[in-house]
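Spelled out, the chains give:
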Amino acid sequence: MYEEYESKMKKTVEALQNSYVTVRAGRANPSILDQVKVDYYDTPTPINQIAGISTPDPRTLMITPWDKSSLKPLEKALLASDLGITPANDGTVIRLQFPQPTEERRKDLIKQVNKQAEDAKVSIRNIRRSAVDFYKAQLKTSEITEDDMVLTEKDLQKLTDKYIEELTQVAKRKEEEIKEI
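Okay, so let's go over this structure. Residue numbering note: each chain is counted from 1, following its sequence as written. Residue-level local features of this predicted model are given only where pLDDT is at least 70; pairs of side-chain atoms are given and counted only at 80 or more, and the full residue set underlies all totals for whole chains, interfaces and linings. No hydrogens and no water enter the side-chain calculation; it runs on all heavy atoms of the structure.

1. Regarding the pairing of strand S1 (residues 37–40)
Note on pairing: DSSP must find at least two bridges between two strands before they are called paired. Strands here mean DSSP runs of E at least two residues long; helices mean DSSP runs of H or I at least four residues long; both are numbered from the N terminus. Relative to strand S2 (residues 43–46), S1 runs antiparallel, the two sharing 4 bridges. Of the residues in S2, the one forming a bridge with Val 38 is Thr 45. The hairpin turn running from S1 into S2, its antiparallel successor, is 2 residues long, and Tyr 41 in that turn takes a positive phi close to 50 degrees.

This is how it looks when you write it as structure tokens:
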């Protein structure tokens with residue numbers, strides 16, 4: 001009966017987990033570059049479509065373009081991105097060196113993680129609200145009874161609480177990961 005709403009809530013949790021992958025927590029992770037687009041022959045192109053990305057050590061990303069002429073546009077895109085890391089171009093590959101985060105940077109990352117978690121919780125609550133509105137409309141048209149509506153609201157609240165708790169756990173895990181670095 002609530003599969004559609006539960007599915008939306010699951011997707012919200014997955015979206016939060018995916019957004020946490022791009023939170024730079026001190027370790028080099030190729031998915032950090034997912035949002036960066038390179039102007040490749042006048043077409044915004046994801047880096048992983050024009051270059052190989054490897055991690056030679058935990059704090060370094062090495063980007064090896066398949067077409068050497070894309071090296072300059074690649075470097076330009078990395079400089080223009082909000083990564084906060086200056087690329088090192090040696091003529092064949094680009095290296096991104098991730099510094100050890102300072103205590104202040106860790107606090108900023110934790111704030112970012114908590115803000116994203118709070119936004120996800122708001123999304124879950126909005127899903128609950130739209131579900132309740134849907135069932136209230138059915139109540140008005142006498143498709144369901146008052147008793148059904150009370151049970152429905154309780155069930156939707158249980159579902160909401162379950163996914164909010166899941167979001168909280170995901171945020172706590174990411175917070176702990178940031179504190180460990």
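Let us keep going from here.
2. Things to note about the packing of aromatic side chains
Aromatic contacts are taken between Phe, Tyr and Trp rings whose centres are within 6.5 Å, Trp giving its six-membered ring; a plane angle under 30 degrees counts as stacked, one over 60 as edge-to-face, and the others as tilted. Applying the stated criterion across every chain, the model contains 4 aromatic pairs. Geometrically, the ring pair formed by Tyr 2 and Tyr 135 is edge-to-face, given 6.0 Å between the ring centres and 75 degrees between the ring planes. Taken together, the residues Tyr 2 in the segment before helix H1 (3–21) and Tyr 135 in helix H3 (residues 103–140) connect sequence positions 133 residues apart. Members of the aromatic cluster, connected to one another through ring pairs, are Tyr 2, Tyr 5, Phe 134 and Tyr 135.

3. Some thoughts on the layout of surface pockets
Of the grid points, spaced at 1 Å and generated over the protein atoms alone, those admitting a 1.4 Å probe that cannot get out make up cavities, while open sets with protein on both sides within 12 Å along at least five of seven lines make up pockets; any residue with an atom within 4 Å of a point is treated as lining. Grid points are joined across faces, edges and corners, and a volume is the space filled by probe spheres set on the points. Empty space within the largest pocket amounts to approximately 250 Å³. Surrounding the largest pocket, 12 residues form its lining, Thr 22, Ile 32, Asp 82, Leu 83 and Gln 112 being those nearest its centre. For the lining of the largest pocket, the per-class residue count stands at 5 nonpolar, 4 polar and 3 charged. Amino acid classes used here: Ala, Val, Leu, Ile, Met, Phe, Trp, Tyr, Cys and Pro are nonpolar; Asp, Glu, Lys and Arg are charged; the rest, including Gly, are polar.

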